[in-house]
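Now for the letters of each chain:
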Amino acid sequence: MEVGTGVFSDRVAPMFAISQSAVEGALAAGAAYADARVVLSKQQSLACLNGNLEALDYDERAGVGVRALIGSSWGFFATPELTEQAALAAGAEAAAIATASAMAPGPALHLTDVPVVEAHYETSHEENPWGVALSEKADLLVGVTETMQGVTGVTLAQASMNFWDTEKFFVSSQGHKISQHLVEAGGDMAATAVGESETQRRSYPQSFGQFESGGYEVIRRFDLPGNAGRVAEEAVALLSADECPGGTTDVILESSQLALQIHESVGHATELDRILGWEAAFAGTSWLDLDQLGTLQFGSPLMNITADATLPGSLATFGFDDEGTPAQCVDLVKEGVWVGVLSGRDSAAIAGLAPGGMVRGDGYNRMPMVRMTNVGLLPGESSFEEIISETRDGIYMATNRSWSIDDKRLNFQFGCEVGWEVKNGRLGRMLRNPTYTGISPQFWASLDMLSSEQVYWGLPNCGKGQPMQIGHTGHPASAGRFRDVRVGVKG
Amino acid sequence: MKVAPLAEMVVGMVGDRAEAQVTVDGTNQGLTRFANSFIHQNVAESGRTVQLKVAVDGKVAAATTTRADEEGLRALVEETIHAAHLRPTDTDWPGLAPPAMAMGASHFDVGTARATPVERATRARDFITAAEGSLAAGYCDTDGGPVAFANSAGQSLETSISRATLDGIHQFGTAAGAGHATAAALSKIEGAPVGAMAVKTARAAADPAELEPAAYEVVLSPECVATMMYFLAFYGWNAKQHDEGQSFVALGESQFDARVTIVDDFLDPLAVGPSFDADGTPKRSLTLVEAGISKALAHDRRTSVKAGTVSTGHAIHGGDLYGPVPTNLHFHPGSQSQEEMIASVDRGLFVSSFNYCRILDPRTQVITGLTRNGTFLIEGGEIAGAVSNLRFTQSIIGALESGKLVGVGSDARLADSEVGPGLVSAPSLHLAEWHFTGGAQG
C-alpha cells in the first residue's frame, strides 16, 4: 500500500475532482459531513452447460455516489453522469434527501475519528484476467463440462467463471483522498444427476464457486480438469446412496461448509448495525446484546474468530473501507468469548467502540453499510485424518446445498451435498441429503477438534440491505468436529 | 435522449454486423428506510442502464452499461461484437423476437416515478406513529420510469412502469408484527393503515409460549403463500428447469387439490411491471394450474424453440442461466375469510410470515425456513395466544395436494414474498398439515 501525497497519477485526478465536487455540493446544501466515491467497475461472466457456452456477459458500471449526514440520517444520491457539475448537483440532492428524513427524526448521528489519509491501494495479482483470451476461458469450461457429461448418469454439467475489476476514488469532507484498484476472480463447476424423484449434485471447489482477490492465477490453481471426473462420479453415486439417518451424532464439517456456518451464525450475528436494530425489518437483528460484549461465552475455547481485511489473496481484502477507514484485523471471538463486532464509523460511535473499517457499498449507486470482511476461524492443531480417526460414531458432511437461519442468527439448518458415515475412526458409506440443525451458541460450544489445514474461502453473493446489495466476503476455515448435533431433519 | 431512440441508436451502431437486441431501463428508484422509529437511511439514484445482446452466426455475447453517452455506447458495441466473435457457437441461440404488439395494459403512475423523498418520508412517519411505545422498522420505496426494447429484427417496444411499496414491522419487546402494501401508484398507499396492520399483529404476538415442533394444521397468511408460489415458479413452472429434469411439473396431471388455480397475468389490474419480457416478447396470460391440473410452463425464446412451442413472454434478464420465470402470479381466491378459516381449526397454527426459506430439492419442492413476525396457536377455532418462532421442513407440492388443502381464502392481495414485492397475488390458505421440525431451542 502506498500512503502519502503524490501517489496519484494524472489519470485519476479528474475522478477525484468529481468526488470532491459531490462532497462540496452536499456541504453547501447543509450537510454536517459528506463523502463521495467515483466507482468504475467491470465484471466478466462466462457460464457453460453441457458443453455449450450459455452466457458470456460483460457488465460495466460507472458513476458517483455521495453520502450526506444531517441530524439523525444519511442522505445518499447516485448518478452515472461523471462530470463535476453533475456531481455537485448529486451532492445537493443527497443533502436534500437527508433533510427530508427530519419527517421522522431520531438522535443525531456522529462519526468516530479515523486517520485522514491520502493513499492508494492495489490488489496484488499475477495475471490480468482481462488479458486472458476468451477462447482459453471458454475452452476450459467446455472441456470440464464435457468431462463431467462423459460420466454415465450425469444430466447437467455446469461450469462458470467470474472476474471483477473495480476502481474507487474516495473523498471526504474531512480530507480523505483514497484510490483503490481491486481485482477478484473465481469460478466453479457442478454435476447434477436427476433421479426418479430427486436430484443430486456435486460441485467444486464449493457450491457457490470459490472466489479470491487476485487474477487469472486463481482459476489455474483450482485444477478444474483434474477434479471433473470425481465430481461427476460422486453426483451419480449419491442417487443410490443411503439417506442420511435422523438422530443426534457427531458431525465433522468440511472447511467450505464450516465457512458458510461462520458466515451465517457468527459473521451476521456480530454485525453492529444488526445489533443496533438498523436491519430489524429485513435481514433481522442479532441474539447478541452489547452489554455482554467481552463476557458472553459464544463457543468452545477452540473458537477464535477474526475479521481480517488484510489477508493476502482472500476475497474481502482491501486497503480501506468505503468510509476511508484502514483495513485491519479485529478479534470477534477469542477462546470462545465474544469480544468484537463488525462496525463502521457511525455504528461504532453509538456503541462507544473503535471503528472496524468494515463499511462497503455494492457499486457507486449503493450506500456503504456494515459488511463482513474476511471473517474466519483460526486453525486448530489437528489434521483431518486425526479428526476422523478419533471419531467413533459420526457423519462427515461436505459442500453446502441449502442454508437457512432465523432473523436473530440463532436457529439454523444446513444441508450439504454429500455425507460419509464415520465409524470407529474410519470413513464409511456415502450418505445422501445430509442435513444438520442447531442453536448457535450450543453448536459452537460443542466444537472439540479443529484442523490445521485452513482455506481462505470466498463468497460473492451475500445479500443485505434495502435496496439489496450484494457483498463479497471471505471466510478462512478448516474442518472441525462438533459433538451431539441433530442430523437428518425431514419434513 | 429518450429511452426508445437510445435503444434504436444502439441497434443502429451494431448495423448488419450482428443480430442485436437492446433494452434501455430509464427507471429511477428512491428508498426511505427507518429503524428504531426514525429514518436512518434515505437514498435515491438516477440514470439509465443499457443492456445489449449480439449474435454473430450464433455466437452470442451480452453487455450491460450505465454509460449512456454515444462514445461509451459505441465502445461497448465494438467490444461486445468482438467478444462474440471469440466465443464458441451457442447451439441453443433461438434468434431474435419478431415484431409483435404488446397488450395495452399500463401499470404506470407518473407521480410515483417522480415521487419525492418527502412523500416517502411522510408514509414512513405515518407507519411509525401508528403506535406509541413500539420500535418501528421498514422502508417506503418508489421505482418508476420508461423502459424500451429494440432489436434488429424490427421489434420495437416502449412502456413506462412504476411501483411503490411500504413494508415494515412494529416491535413491542421481542414481539413483532408486519404490515405491507404494494401498488403501481404511491398515492394508493397510506402509512397509517399499514402501520396499524403491523401493530395489531405485534400486540397479539406478545408473550409467546414454546410449542413442541410437530405437524400442525395451519392457516397461512398471503405473505407465506406468496413465498411458496415463488419457489413453485422459479424451480417448477420454469421451462428451462423442466427441460433439465429438475422441475416437479407433469403437464396434464393432477398435481394439486382441485381448488388450486394459478395464473400468470400481466393484465390483472393489480399487476406491476412491463408489458414485454427481456427478449422483447409481449407477455401472455398463462394458466399454470387449473383446478389442480398442471397446464403450462413459462417459456422464453430459448426454451420455446427447444420445446417446439412459442414463447410466453417470460424471459428475465440473466435468464440464459436461470430460465424463464413468471412474475405476475395470481393464486385464484376462494370464498372463506381468514377469520372463517381460523374458526374452523380445532388445534393448529396461524402463521403471519415466513423467513429465510431455502429449497432442499427442486423436484420434491422441499423447503426449510422459519416463521417470523407473529405465529399463533389456534384452539377451538380461536387464537389462543402467540408461540415462539418455529422451523419447518416441508414439501410445497405435498402441502397443496388433494386432501391436504382445506380452504382457500377470499383475501387475495399483492403480498410481499421473500424475494420481493409485486410479484405474487395470493390469498390465505388453510392446510391440513405443515411439518414444523424445530423450535426456538433447536
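For clarity, every value in this text was computed on a predicted model and none was experimentally measured.

## Regarding a nonpolar patch on the surface
So, step 1. Nonpolar side chains collect at one region of the surface, where Phe282(A), Met468(A) and Ile470(A) lie side by side and expose about 240 Å² of accessible area between them.
So, step 2. Along the chain, Met468(A) turns up in the loop between β23 (455–464) and β24 (469–477).

## Quick word on the sheet that holds strand β12 (residues 293–294) of chain B
Residue and element names in this part refer to chain B.
So, step 1. Read from one edge of the open sheet, six strands run β12-β11-β10-β13-β20-β19, paired in mixed fashion. Among the strands making up the open sheet, the edge pair consists of β12 and β19 (413–414).
So, step 2. Bridge count between strand β10 (residues 262–264) and strand β11 (residues 286–290): three bridges; the pairing is antiparallel. Note that in β11 the partner of Asp264 across the bridge is Leu286.

## What about the environment of Ala228(A)?
Residue and element names in this part refer to chain A.
So, step 1. With respect to the secondary-structure elements, Ala228 resides in helix α5 (residues 224–239).
So, step 2. Assessed through its relative accessible area of 0%, Ala228 is described here as buried.
So, step 3. Taking the C-alpha atoms as reference points, Ala228 and Gly150, 78 residues apart in sequence, are found 9.9 Å from one another.
So, step 4. The residues contacting Ala228, other than those within four sequence positions of it, are Val144, Thr147, Met148 and Met189.

## So, the side chain of Asp300(B)
All names here are of chain B.
So, step 1. By secondary structure assignment, the location of Asp300 is in the loop between β12 and α8 (301–307).
So, step 2. Arg302 is the oppositely charged side chain nearest to the buried, salt-bridge-free Asp300, at an N-O distance of 6.1 Å.
So, step 3. A distance of 3.2 Å separates the side chain of Asp300 from the backbone nitrogen of Arg302, its partner in a polar contact.
So, step 4. Of note is the side chain of Asp300, whose polar atom sits 2.8 Å from the backbone nitrogen of Thr303.
So, step 5. When near neighbours in sequence (up to four residues on either side) are disregarded, Asp300 contacts Asp279, Ser311, Ala315, Gly319, Gly323 and Pro324.

## Remarks on the sheet that holds strand β14 (residues 337–338) of chain A
Residues and elements named next belong to chain A.
So, step 1. The strand order β14-β13-β12-β17 describes an open sheet built from four strands, whose pairing is antiparallel. Sheet topology places β14 and β17 (375–377) at the edges, where each strand pairs with a single neighbour.
So, step 2. The pairing of strand β13 (residues 329–334) with β14 spans two bridges and is antiparallel. The residue of β14 that forms the bridge with Lys334 is Val337.
So, step 3. Strand contacts of helix α6 (residues 255–267): β12 (305–308), β13 and β17, with the helix running at about 120° to β17, the strand carrying the most contacts.

## Re the packing of aromatic side chains
All names here are of chain A.
So, step 1. All chains considered together, the criterion is met by 29 aromatic pairs over all chains.
So, step 2. Between Phe384 and Tyr396 the ring centres are 4.9 Å apart and the planes differ by 55°, which places this aromatic pair in the tilted class. In this pair, Phe384 sits in helix α9 (residues 384–389) while Tyr396 sits in strand β18 (residues 393–405), placing the two residues twelve residues apart along the sequence. The same class applies to Phe384 and to Tyr396, which are both buried.
So, step 3. An aromatic cluster is built from Phe412, Phe414, Tyr436, Phe443, Trp444 and Phe482, whose rings are joined through pairwise contacts.
So, step 4. Over the face of the ring belonging to Trp74 we find Arg67, whose NZ or CZ atom lies 3.8 Å from the ring centre.
So, step 5. The aromatic ring of Phe16 is capped on one face by Lys177, whose charged end is 5.2 Å from the ring centroid.

## Some thoughts on the interface of chain A and chain B
So, step 1. Taken together, the 79 residues of chain A in the interface contact 76 residues of chain B.
So, step 2. Across the chain A to chain B interface the summed buried area is about 6300 Å²; carbon plus sulfur atoms make up 51%.
So, step 3. In this assembly, chain A and chain B are joined by five salt bridges.
So, step 4. Between Asp361(B) and Arg401(A) there is a salt bridge whose closest N-O contact spans 3.5 Å.
So, step 5. Taken together, chain A and chain B are joined by 42 residue pairs in polar contact (both at pLDDT 80 or more).
So, step 6. In terms of residue count, the dominant contributor to the side of chain A that touches chain B is strand β3 (residues 52–70) of chain A (eleven residues).
So, step 7. Taken together, the residues of the side of chain A that touches chain B sort by class into 37 nonpolar, 26 polar and 16 charged.

## Some thoughts on the environment of Glu126(A)
Residue and element names in this part refer to chain A.
So, step 1. Among the structural elements, Glu126 can be located in the loop between β5 (118–122) and α3 (134–149).
So, step 2. Residue classification places Glu126 among the exposed positions, given a relative accessible area of 71%.
So, step 3. Sequence separation of Glu126 and Val218 is 92 residues, and the distance between their C-alpha atoms is 9.2 Å.

## Section: the nonpolar core
So, step 1. Within the largest apolar cluster, 71 residues are counted, with the highest numbers of intra-cluster contacts made by Leu258(A), Ile262(A), Phe298(A), Met303(A), Ile305(A), Tyr436(A) and Trp444(A).
So, step 2. If you tally residues by element for this core, the top one is α6(A), at five residues.

## A few points about the domain arrangement of chain B
Residue and element names in this part refer to chain B.
So, step 1. As assigned here, chain B comprises domain 1 (3–201) and domain 2 (207–442).
So, step 2. Summarising the inter-unit geometry, the C-alpha centres of domain 1 and domain 2 are found 24 Å apart.
So, step 3. At the junction of the two partners, domain 1 supplies 40 residues and domain 2 supplies 32 residues.
So, step 4. For the pair domain 1 and domain 2, the two sides together bury roughly 2800 Å², of which 59% comes from carbon and sulfur.
So, step 5. For domain 1, the biggest contributors to the area lost against domain 2 are Pro94, His107 and Thr182; these three give 20% of the whole.
So, step 6. Counting the contacts that link domain 1 with domain 2 gives three salt bridges.
So, step 7. Listing elements by their share of the side of domain 1 that touches domain 2, those giving two or more residues are β1 (19–25), β4 (49–56), β6 (135–151), β7 (156–172) and β8 (175–183).

Rules of the game
- As a convention, each chain's residues are numbered from 1 in the sequence order in which they are written.
- Lettering for chains starts from A, numbering for ligands starts from 1, and both go in the order in which the items are written.
- Residue-level local features of this predicted model are given only where pLDDT is at least 70; pairs of side-chain atoms are given and counted only at 80 or more, and the full residue set underlies all totals for whole chains, interfaces and linings.
- The side-chain numbers reported here are obtained from all heavy atoms of the structure, hydrogens and water having been left aside.
- To count toward a patch, a residue needs a relative accessible area above 30% and no salt bridge. Like charges then connect within 9 Å, nonpolar side chains (Val, Leu, Ile, Met, Phe, Trp, Tyr) within 5 Å.
- Computed with the Shrake-Rupley method and a 1.4 Å probe, the accessible areas treat only the protein chains shown as cover for residues.
- By salt bridge we mean one thing: a side-chain nitrogen of Lys or Arg within 4 Å of a carboxyl oxygen of Asp or Glu.
- Comment: elements are numbered from the N terminus, with helices defined as DSSP H or I runs of at least four residues and strands as E runs of at least two.
- Any two strands are treated as partners once DSSP identifies two or more bridges connecting them.
- For every residue, the accessible area (1.4 Å probe, protein chains only) is compared with the maximum for its type, and the residue is labelled buried under 20%, exposed over 50%, or partly exposed between those bounds.
- When checking whether two residues touch, look at their non-hydrogen atoms; a contact exists if any pair is within 4.5 Å.
- Charged-residue counts in this description rest on Lys and Arg as positive and Asp and Glu as negative, His and the chain ends being excluded.
- We define a polar contact as two N or O atoms separated by no more than 3.5 Å, with the added condition that, inside protein, one atom must be a possible hydrogen donor and the other a possible acceptor, whereas residues neighbouring each other in sequence contribute only through side-chain atom pairs.
- Only the stretch in contact is used when fitting a helix axis, every axis being a line fitted to C-alpha atoms; angles between N-to-C directions are given from 0 to 180 degrees.
- Ring pairs are drawn from Phe, Tyr and Trp, using the six-membered ring of Trp, whenever the two centres fall within 6.5 Å, and their geometry is named by plane angle: stacked under 30 degrees, edge-to-face over 60, tilted for the rest.
- Should the NZ of a Lys or the CZ of an Arg lie within 6 Å of a ring centre and within 35 degrees of the ring normal, that charge is described as sitting over the ring.
- Two parts placed together each lose some accessible area under a 1.4 Å probe, and the buried area is that loss summed for both.
- Polar here means any residue other than Ala, Val, Leu, Ile, Met, Phe, Trp, Tyr, Cys and Pro, which are nonpolar, and Asp, Glu, Lys and Arg, which are charged; Gly is therefore polar.
- Working definition of a nonpolar core: buried Ala, Val, Leu, Ile, Met, Phe, Trp, Tyr and Cys residues. They are joined through side-chain atoms within 4.5 Å.
- For every domain, the bounds stem from an assignment made automatically or drawn from a database.

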